[in-house]
Amino acid sequence: MVMAYPTLLLQSFFFFFLLPCLSSSCPEYQKQALLQFKSSILAIHSSFHALDSWNSSSSNCCLWDKVTCSSPSNSTSSVVIELHLSNLFAWLMPSNLLAPLFLIRSLRVLDLSSNHLSGELPEEIGNLTKLNSLDLKGNLLTVEIPFWLFDFKDLQSLLLGGNSLTWNNNMKVVPKCSLLILSLRSCGLQGEIPEWISTQTNLSVLDLSMNQLHGPFPQWLAEFQTLSVLILSHNKLSGSLPTALFQSSQLYILALSHNNFSGELPENIGDAKFLGVLMLDSNNYSGPIPQSISQISSLVFLDLSRNRLSGNIFPVFDRQMTLLYADFSSNQFSGEVPTTFPPNIGTLSLGSNKFSGALPSNLTKLRNLERLELQDNNISGELPNSLLQISYLQVLNLRNNYLQGSIPKTFSNLQNLRILDLSSNNLTGEIPIEFVNNLTGMIEAPPNQTSLIPNLPVVITFPSSPAFGTEFAVNELIVNWKKSKQGLSSHNIDMYFLLDLSNNQLSSEIPASLGALKMFNLSFNKLFGKIPASLGDLQNVEGLDLSHNKLSGPIPIAFTKLQQLTTLDVSNNKLTGQIPIGGQMNTMADPNFYANNSGLCGFQIRVPCPGDSPPAPKLQEHYNKKEPWILREAMAIGYPVGFLLTIGIIFLAGYFNPSPPSNSRRRHRHHPHRLIRQRI
């Protein structure tokens, strides 16, 4: 009896753990199909390693990476039911290489997204009659979307977006499936939103973005109560939004940007209680923002930019809201700068409106702000010291306003600041040394610095179908970059360090210490003194603009160390001496960027410097020394020969032509200039 318990325990372990592993091996033909697929890839790219676990020495393909098998039952063994093969290839792959996979007819989930697959959509997919989810988005597949894709009775998820597929608008679709997820992004859809979609009453995700759809927003689509995600951006849809759209209890993402929608936003927009992402930018909406929008407690991402919205009263957002990103730029809002946002907001863009008055002191209650944009408004007054209390601030854009006074020394406490644009204002005084030396966000670029929101990833899960994931990019930050306005992508904005104080009335010497800047613009001020040699330590600087000041002395030799420099403008100063030679300075050869500096010289502006050695005489100059002797010889021979030829021609002309009347001859003699005009 002592050994009975351990024996029973071993038997139980064998039955519950080892026996399923021994009996759950996938069928041999499915294993061979997968190996054939891998072999066809290796025949093209022998260095392919993403499927190294797929090998003939392993008898059970259910244990391979990216393969999922069914659980064995009493009557059947395991079979392959899911293949998750996204992002396998970084090179072009013909779609006919997929053929072996279509022999595995037990497949329910097939994910081949983002694989650079090219060619036609393989017809053999039709063999997979048990398909529940087909994901082919983000490839290079071509030709027309076949109607038989909608004949899979069990199909719940179909993602074809991001290919070069086309849609036959004359094709009558009668789906046999009941879809939960449908993505036809960039599939050539034209005309109005297809009405056959109205039959998909269980639809939770619909993405028809980046097509040529036009017409009004369908009432039947607005009344869908199952939709969680609706993405119709980048089309030509028009008209107003139905109020029924915001009565949904499921809607979480609504993206209608880049269309031609117009009219006022519905007053009941706040009824969409579960709305987390609302993107209505780049349309023609007008009127005020409905006050009810502040009632959407789950709102995280709000973009109403580039419309014709107006008004001077902003909604008062609840302090408990989770709003992280709000963009109201490029509208016609007026009045004082609003501060009625939840304290946790990270990005607030109010640029290109008509806001006026001083910067409000209670901006500091937005203590988690990382990006504040107020450019292109009518804001006046001085820069408040209170801004330093927003300690997480990394981007501050106040370009093109009416700010005046000096730059506060306390700005140096904004130690996370990496992009500061105060250009095109009326700022006066000096550039504080403390202001520059202590901006550690621009100097040290600490690796653990909190990153700005680059994008908003969203994942929607379903109990019986694969999750749907998408991503919404934050709008670019527009700055004056290398002599023109450019957008800095939100994906890598944390790589940039920019200080723009141009177009002000600053009058001082340039501070000697400046950190990891990529762009430094002090143009159109009243700065004087010499250019600090320490600017040559800006190892990462790509653009340096010191033009239109009163700077004197030479351009520092240290500028030859600026290996990243692509734009340098020192025009309209009082600089003297030789332009440095070496490194990137040899490529800074546009004379316009040195213009109106009467004391500069160098090959970049084609002005020789005193003491430059004269160039070696060229071969042509050697021959030119012989020209006087050659000319004398030619003259000695040419004059007699020419005289004899002239006499001969006159003699022959008189011999063969009758003499003209005497009065005619006198006319030509007395007025030779008339004959010349006629010949000309």
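Below: a short report on this structure. (Residues numbered from 1 in each chain as written. Predicted model: local features only at pLDDT ≥ 70, side-chain atom pairs only at ≥ 80, totals over all residues. Heavy atoms only, no water.)

## Points about the environment of Leu35
Okay, step 1: By the secondary structure assignment, Leu35 is in helix H2 (residues 28-42).
Okay, step 2: Under the relative-accessibility criterion, Leu35 is labelled buried at 16%.
Okay, step 3: When sequence neighbours within four positions are dropped, the list of residues in contact with Leu35 reads Trp54, Asn55, Ser56 and Trp64. (Helix = DSSP H or I, 4+ residues; strand = E, 2+ residues; numbered from the N terminus. Buried < 20%, exposed > 50% of the residue type's maximum accessible area, 1.4 Å probe, protein only. Contact = heavy atoms within 4.5 Å.)

## Topic: unusual backbone geometry
Okay, step 1: Non-glycine residue Met210 carries a positive phi angle of around 60 degrees.
Okay, step 2: Mapped onto the fold, Met210 is located in the loop between strand E11 (205-207) and strand E12 (212-215).
Okay, step 3: For Met210, a relative accessible area of 45% puts it in the partly exposed group.
Okay, step 4: Positive phi, close to 60 degrees, is recorded for Asn400, a residue that is not glycine.
Okay, step 5: Take Asn400: it is sitting in the loop between strand E27 (395-397) and strand E28 (402-405).

## Let's talk about the pattern of salt bridges
Okay, step 1: Throughout the structure, instances matching the rule amount to 6 salt bridges.
Okay, step 2: Salt-bridge contacts for Asp421 lead to Arg399; the nearest nitrogen and oxygen are separated by 3.0 Å. With a gap of 22 residues between them, Asp421 in strand E29 (residues 419-421) and Arg399 in the loop between E27 and E28 connect regions that are remote in the sequence. Comparing Asp421 with Arg399 shows no difference in burial state: the two are buried.
Okay, step 3: The shortest N-O distance in the salt bridge between Asp537 and Lys561 comes to 3.1 Å. You can see Asp537 sitting in the loop between strand E38 (528-530) and strand E39 (543-545) and its partner Lys561 sitting in the loop between strand E40 (550-553) and strand E41 (567-569), a full 24 residues away along the chain.
Okay, step 4: Overall, the relative accessible area of 46% leaves Asp537 in the partly exposed class.
Okay, step 5: Connected through shared salt-bridge partners, Asp376, Arg399 and Asp421 make up one network. (Salt bridge = Lys/Arg side-chain N within 4 Å of Asp/Glu carboxyl O.)

## A closer look at the nonpolar core
Okay, step 1: Counting residues in each nonpolar core, the largest one holds 155 residues, and the members touching the most others are Phe217, Leu230, Leu256, Phe328, Leu348 and Tyr594.
Okay, step 2: Of all the secondary-structure elements, those providing two or more residues to this core are H2, strand E1 (67-69), strand E2 (80-84) and helix H3 (219-222).
Okay, step 3: Ranked by the residues each element gives to this core, the list is headed by H2, at 5 residues.
Okay, step 4: Ignoring anything within four residues of it in the chain, the contact list for Leu348 reads Ala326, Phe328, Phe341, Leu366, Leu369, Arg371, Leu372 and Glu373.
Okay, step 5: In terms of nonpolar packing, the next biggest core, distinct from the first, is built from 12 residues, Leu180, Ile181, Ile253 and Ala255 among them. (Core = buried A, V, L, I, M, F, W, Y, C linked by side-chain atoms within 4.5 Å.)

## Focus: the environment of Thr199
Okay, step 1: Positionally, Thr199 belongs in the loop between strand E10 (190-191) and E11.
Okay, step 2: The spacing of Thr199 and Ser178 is 21 residues in sequence and 8.3 Å in space, taken between C-alpha atoms.
Okay, step 3: A polar atom in the side chain of Thr199 sits 2.6 Å from the backbone oxygen of Trp196.
Okay, step 4: A polar side-chain atom of Thr199 sits 3.2 Å from a polar atom in the side chain of Gln200. (Polar contact = N/O pair within 3.5 Å; in protein donor to acceptor, adjacent residues only side chain to side chain.)

## Remarks on the sheet that holds E40
Okay, step 1: One open sheet holds the 4 strands; their spatial order is E38-E40-E42-E43, and the pairing between them is parallel. With partners counted over all chains shown, the strands left at the sheet margins are E38 and strand E43 (599-601), one partner each. Here the average twist between neighbouring strands, direction ignored, is 30 degrees.
Okay, step 2: Note that strand E42 (residues 574-578) and E43 share 3 bridges and pair parallel. (Pairing = 2+ DSSP bridges. Axes fitted to C-alpha atoms, helices over the stretch in contact; angles between N-to-C directions.)

## Structural notes on the environment of Ser424
Okay, step 1: Topologically, Ser424 is positioned in the loop between E29 and strand E30 (426-429).
Okay, step 2: The exposure class assigned to Ser424 is partly exposed, which follows from its relative accessible area of 26%.
Okay, step 3: Linking Ser424 and Gln505, residues 81 residues apart in sequence, is a C-alpha distance of 9.5 Å.
Okay, step 4: Non-local contacts of Ser424, meaning those with residues more than four positions away in its chain, are made with Asn400, Asn401, Ser502, Asn503 and Asn504.

## Things to note about the sheet that holds E10
Think of a sheet as strands paired side by side through backbone hydrogen bonds, with each pair either parallel or antiparallel.
Okay, step 1: Pairing within the open sheet is parallel, and its 12 strands lie in the order E10-E12-E14-E16-E18-E20-E22-E24-E26-E28-E30-E36. Sheet topology places E10 and strand E36 (505-506) at the edges, where each strand pairs with a single neighbour.
Okay, step 2: Direction of pairing for strand E18 (residues 284-287) relative to strand E20 (residues 308-311): parallel, over a ladder of 2 bridges. Counted as the bridge partner of Gly287 is Leu309 from E20.

## Quick notes on the state of the cysteines
Note: disulfide means a covalent bond formed between the sulfur atoms of two cysteine side chains.
Okay, step 1: Evaluated as defined, the whole model comprises 3 disulfides.
Okay, step 2: Each sulfur in the disulfide pair Cys62 and Cys69 lies 2.1 Å from the other. Disulfide Cys62-Cys69: the torsion about the S-S bond is -95 degrees, which places it as left-handed. For the pair shown, Cys62 and Cys69 are each scored as buried. (Disulfide = S-S within 2.5 Å.)

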